[in-house]
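Examination of the molecular architecture
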Amino acid sequence: MNTVTMESPKDLPKRKSRMQKIVKEITRKKVTLISSIFIMILIIAAIIGPWITPYNPAAPDYSNILSPPSLAHIFGTDAYGRDIFSRILAGTQISLSVSVSAVLIGAVIGTILGLVSGFFGKLVDKLIMRVCDVLFAFPDIILAIGIVAILGPGLRNVVIAVAFFSVPSFARLVRGTTLEVKEQLFVESARSMGASRRRIIFKHIFPETLPSIMVYFTMSIGTTILAAASLSFLGLGADPSTPDWGAMLSTSRDYIGSAFHVVFFPGLIIFLTVLSFNVFGDGLREILDPKLKD
Amino acid sequence: MKKSILFMLVLVVGIILAACGGDYDELEAETGSDEGESNDGQNEITVAIEQNFVTMDPHDASDTVSIFGLKSMYESLVTFDEDGEIVPALAEEYDVSEDGLEYHFKLREGVTFHSGEAFNAETVQANYERIMSGNLSAERNFQYIDSVETDGDYDITFNLTEPFSAMLNKFTMVPMTSVQSIEEETVGSEPDGTGTFKFVEWQQGTTLTVEKFDEYWDEGSTNVDTLTFQPVAENGSRVAMLQTGEADFIYPLPQQNASDLENEEGILVEESPSSIARYVSINTYKDPYTDLKVRQAMNHAIDQETFIQVVKNGFGNPLDSTMASETQYYESQEMYEYDVEKARQLLEEAGYADGFEAEIWGNNSSESIKGMEFVQQQLAEVGIDVEVKSMEEGTLSDEIYTPETPDDAKVQMWYVSWSPSSRDADGATRSLFSNEYFPPNGANTAYYDNEEVTEWIKEANLTTDESEQQEIYSNIQSTVYQDAPWLFLASDTNLAGRSEALEGVYVGPDGSVIVKNAQVK
Amino acid sequence: MRILNLIPLLIIVSFVVFMFVHIIPGDPARLLAGQDATREEVELARSVLNLDKPLLQQYFIYMSGLFVGDLGFSIKSGASVAQIISDRILPSLGLTFASIVWATVVGMLIGILSATFRNRWPDQLGMLTAISGISLPNFWVGLVIIQIFSVQLGWFPTGGAGSWQSYIMPSFALGAGIMAIIARFTRSSLVESLKQDYIRTGRSKGLGKGSIVFGHALKNSLIPVITVTGLQFGFLLGGSVVVETVFSFPGLGTLLIDSIQFRDYPVIQALILLFALQFILVNFIVDIIYGFVNPKIRYD
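Just so you know, the residues in each chain are numbered from 1, in the order the chain's sequence is written. Key to labels: chains lettered from A, ligands numbered from 1, both in the order written. Local features are withheld for residues below a pLDDT of 70 in this predicted model, meaning they are given only at 70 or higher, and side-chain atom pairs are given and counted only at 80 or more; totals for whole chains, interfaces and linings count all residues. Each side-chain value is worked out from all heavy atoms of the structure, with water and hydrogens disregarded.

Our focus in this paragraph is the overall build of chain C. Secondary structure counts use DSSP, requiring at least four H or I residues in a row for a helix and at least two E residues in a row for a strand, with both numbered from the N terminus. Per the secondary structure count, chain C includes 13 helices and zero strands. Taken from N to C terminus, the helices and strands of chain C fall in the order α-α-α-α-α-α-α-α-α-α-α-α-α. Partly exposed residues are those whose accessible area sits between 20% and 50% of the maximum for their type, while under 20% is buried and over 50% is exposed, using a 1.4 Å probe and protein chains only. Here chain C holds 300 residues, and 56% of them are scored as buried. A fraction of 73% describes how many contacts in chain C between residues 6 or more apart in sequence connect residues 24 or more apart. Note on areas: these come from Shrake-Rupley sampling with a 1.4 Å probe, and a residue is covered only by the protein chains present in the view. Surface summary for chain C: the accessible area is close to 12300 Å², and the carbon and sulfur share equals 69%. In this description, contact between two residues means that some pair of their heavy atoms is separated by no more than 4.5 Å.

What follows deals with the interface of chain A and chain C. Taken together, the contacts link 51 residues of chain A with 50 residues of chain C. When a carboxyl oxygen of Asp or Glu lies within 4 Å of a side-chain nitrogen of Lys or Arg, that pair is called a salt bridge. Viewed at the interface, chain C and chain A are joined by one salt bridge. Counted as a polar contact is a pair of N or O atoms within 3.5 Å, where, for protein atoms, one must be capable of donating a hydrogen and the other of accepting one, and residues adjacent in sequence contribute only when both atoms are in side chains. Taken together, the connections running from chain A to chain C amount to three residue pairs in polar contact (both at pLDDT 80 or more). Within the residue set of the side of chain A that touches chain C, elements represented by two or more residues are α5 (122-137), α6 (140-151), α7 (155-183), α9 (197-233) and α11 (260-288) of chain A. Counting residues per element, the side of chain A that touches chain C draws most heavily on α11 of chain A, which supplies 14 residues. Note on residue classes: Ala, Val, Leu, Ile, Met, Phe, Trp, Tyr, Cys and Pro are nonpolar, Asp, Glu, Lys and Arg are charged, and everything else, Gly too, is polar. Looking at side-chain class alone, the side of chain A that touches chain C contains 32 nonpolar, five polar and 14 charged residues.

What follows deals with the domain arrangement of chain C. Residues and elements named next belong to chain C. An automatic or database domain assignment is the source of the domain bounds shown. Taken domain by domain, chain C comprises domain 1 (2-66) and domain 2 (90-293). Listed per partner, the contact involves 21 residues of domain 1 and 16 residues of domain 2. Both sides together, the interface formed by domain 1 and domain 2 hides about 1600 Å², and carbon and sulfur atoms give 78% of it. Counting across the domain 1 and domain 2 interface gives zero salt bridges. For the pair domain 1 and domain 2, the number of links is zero residue pairs in polar contact (both at pLDDT 80 or more). Contributions of two or more residues to the side of domain 1 that touches domain 2 are made by α1 (2-23), α2 (28-33) and α4 (55-67). The element that contributes the greatest number of residues to the side of domain 1 that touches domain 2 is α1, accounting for eleven residues. As a working definition, buried area equals the accessible area (1.4 Å probe) given up by two parts on being put together, with both sides summed.

With that out of the way, let us pick up the pattern of salt bridges. Scanning all chains against the criterion turns up 19 salt bridges over all chains. Note that Asp57 of chain B and Arg130 of chain B form a salt bridge whose closest N and O atoms lie 2.7 Å from each other. A residue pair is termed long-range when its members are at least 10 positions apart, and Asp57 of chain B in the loop between β1 (44-49) and α3 (64-71) and Arg130 of chain B in helix α4 (residues 121-132) qualify at 73 residues. Neither Asp57 of chain B nor Arg130 of chain B differs from the other in exposure class; each is buried. Note that Glu341 of chain B is salt-bridged to Arg344 of chain B, the shortest N-O span being 3.4 Å. Taken together, the residues Glu341 of chain B and Arg344 of chain B, both in helix α11 (residues 340-349) and three residues apart, mark about one turn of the helix. Glu341 of chain B sits in the exposed class, given a relative accessible area of 54%. Relative accessible area serves as the criterion here: at 37%, Arg344 of chain B is assigned to the partly exposed category. Via salt bridges that share partners, Asp78, Arg82 and Arg87 of chain A together with Glu373 of chain B belong to a single interconnected network.

With that settled, consider the nonpolar core. For soluble globular proteins, the rule of thumb is that nonpolar side chains tend to be buried together. To form a nonpolar core, buried Ala, Val, Leu, Ile, Met, Phe, Trp, Tyr and Cys residues must be joined to one another through side-chain atoms within 4.5 Å. By size, the foremost hydrophobic cluster in this structure holds 158 residues, and its most contacted members are Met298, Ile360, Leu379, Ile384 and Met413 of chain B together with Phe139 of chain C. Looking at which element gives the most residues to this core, the answer is α9 of chain A, with 14 residues. Discounting residues that sit within four places of it in the chain, Met298 of chain B has contacts with Ile282, Tyr289, Phe356, Leu379, Ile384, Met413 and Leu487 of chain B. With 37 residues, the next largest nonpolar core counts Trp361, Ala443, Ala484 and Phe488 of chain B among its residues.

What follows concerns the interface of chain A and chain B. Contacts between the two partners involve 21 residues from chain A, matched on the other side by 24 residues from chain B. For the pair chain A and chain B, the two sides together bury roughly 2100 Å², of which 51% comes from carbon and sulfur. Contact with chain B buries surface across chain A, with Tyr62, Tyr80 and Asp254 of chain A losing the most and accounting together for 29% of the total. Summed over the shared surface of chain A and chain B, the number is one salt bridge. Glu373 of chain B is the salt-bridge partner of Arg82 of chain A, the closest N and O atoms lying 2.8 Å from each other.

Below, the structure is given as structure tokens:
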């Protein structure tokens, strides 16, 4: 908590060196490094994946269904004879963009609500927090089913549904930090110097909430991938023919006893991805969270 | 320090409590019941099914699962045997008048209810009155019945308002409950029937437990003392239960597990034909599906054999009519041959040489999703770009049945199946193809509008002459099949798994699990 | 006083829930009447269920029942909602409790180990284990452990709630995520405590590491851990839908899914209200503890 007060708004140029420091810290810890490399690979796969698949991920081959991993198909083929490796590669883009965009929407809305709630306090705060309570009190799955039922199935609506229930978490998180930061001296002084409220919120308070937002953002990507997969499990996710990882996993689950590879590889890739984002987020927390600084 | 010790202590106590919370005796029963027999010589079996029971009111059950659950405890005047023939049950014999307006039943004597009450004509009369008092789904079966006359204790006659060809089938759908339960209004809560098993317990939405009824009129029908129906929605879990011996019979058995289970010791895979027709209804009111050529092209684009191989793991038969082979008056038609070239040509003639964009709807079961994906892949071959939309059942049913007119309907293709609950041709035709049964009035979701067919359906009902009926239904099937309001896919093969030690339990063509003659070896 | 404040919140929740549930497309009358029902049959079912009345009127009918403790009757089975829920609540509570207990014990152990050996291999291993727990889709974990422990090894029943063994696998699948959260929380709050001045003093006085960790630091980090445990408990009861489905566990989660599928409004409403109520209560208690620990932040 002490480091927060150490930095004054005048230190803005220091941000850049802070970035470098973060990168240095990341490379220092092995697990964090490995996870960040894996995330890099995922991002590259997401960008060029669809163009470098060894097979057409959508082309069925009914004469070659459920064949186990081999040299020709390193992850085997699925119930329609499609190459699983190609599908996973092509699906990286879909799966990552669904979760990143959902978290992004949730984070932006949640952050704004949290800032407003924490800064203005009183009735506004009460109102926003009660709304969050109500949202929290709804089981996620009900919200998701409801939203998908109202908006119809499809990837876009999965994004909306998942974004919807990440809003209150971000709002609470940011509100908490805002409350702490608000009381700090430098904000008091900025206020006395006649800065506008908007300026105080975005120039002074927001930057201080950023580290925890970044940490939570990274970790939420993982949770969101899982949430989207759960929606697919309940048959409410993406068009099942898209190579979305969650959809692959849930449509293949009937084969768990007869063709394990069909279930295993999508599960493995989801696990590794979520794990990487979580480990990376954890590392980021170590670095960014002043509470844990020595 | 004290606080943390206290906390740890609480945890330890918690764990011990959690461990002791379970009943060790049940563990004994569990491991001991491997071959359907527990330690004290009692035969206990578990039947794992897919869906939950909805109701225990025999006159208000409209879903297959509730109906067959109730059939373990209740009987009707006539019933289907294993071969699908109508045979006497609570009635010893029956006859129908020439004009088809009078159905006379001679009731079986010496039948008692689980509560000890005797079964007689008065019982049937009371059941009839309860059903006609409204709000019960069984009323549908009696819609053509005008009145009932009893003659002594064991003779009863039903008078119809107009002839109805499927009337006898409908009598199989009306179980008889005791007069006492009707008077005390305990029908749904304390089932009291005449069946081989009597009610023990129904845990809302989960298991139904029944036990052997010792005074059953047909002695020795079963040697099972306690039978439990357990709904297990997840396919993999249901199979696992059979493998571990927790279940003695499972239905449905997922096709993809059939070949593995066949090789397993002590487990048998049972195949039986079904009356379930699997198809995609095509909204014939919507462009481009208004064009017969488009619909025929789509049918030519689907390889039914491959559908069965890929989606059904080889279990099933191509759907070569508007109804499955186990249905009354079924007649096979000349099938749409799988021919991509021909399909392309037909589409070109219809003005869709480049194909078009389409949408297919279905529920969110993994089975439906798999089928829809296959249809999507096949239609892609002829340039039709299909989007798969799987919806949760409640939403889907709303989307399909709410539109008031054909023009409001948004459905293009619906991946679905149909099984006439009493296996009659009327049930497999009227609601699906008569133009009086467009949603929300019925299930003609193809909005198939053919005046001739509608008239035939009415005619078939009015005649009691079987050969005449046969001819009419034959016309209906060939006309509808050529008009292609559906993508004809397959008729299901019912797959069940059972442990070798259990016999006499079978799956009827409509997907009912019949346990009446269950025998443990 | 604060408890009285909860009542308006609950009323708001009940209103939101009611409207939300009724706005979702789906018609229980149609589902009740069956696929081949005629329009008349559907209309009849609708009027019997009072579904043909204006929504607000339906809400008032519902609330007037609720105030006298009447949760109504299930549309699907006609049984009383209170009865249906009371049949299911015990297994659910048992599952939640079992999950929380093992998750807390294991989570705290990992947390303590990690904090004590901060940045050394036990820490990295422990945190990796913990994080793995929240990195797997829990339905996948469920299906895989059924394959391994029920089908292959035959150790546990595949599902249900018939004996205590049937609680083991679902509580494992359900608790893995919470274990991870508790482990991380214990670790960070312990690390912080270990830095406090008096701990340093203790160390300079020559107290052993074990006695510092267990005797002093842990005590200080317990309350936040209890807080987070409480919060997770709140999520669990409503959040076990997927795990309960995989293990066909007769709890509130599967009841919820069944009721949603059938649009069984009274049951869905009662369940969400129940979840909301316990969530709000847990939150309320947590808030008080929180305020107690950190008096600088007031939460009202």
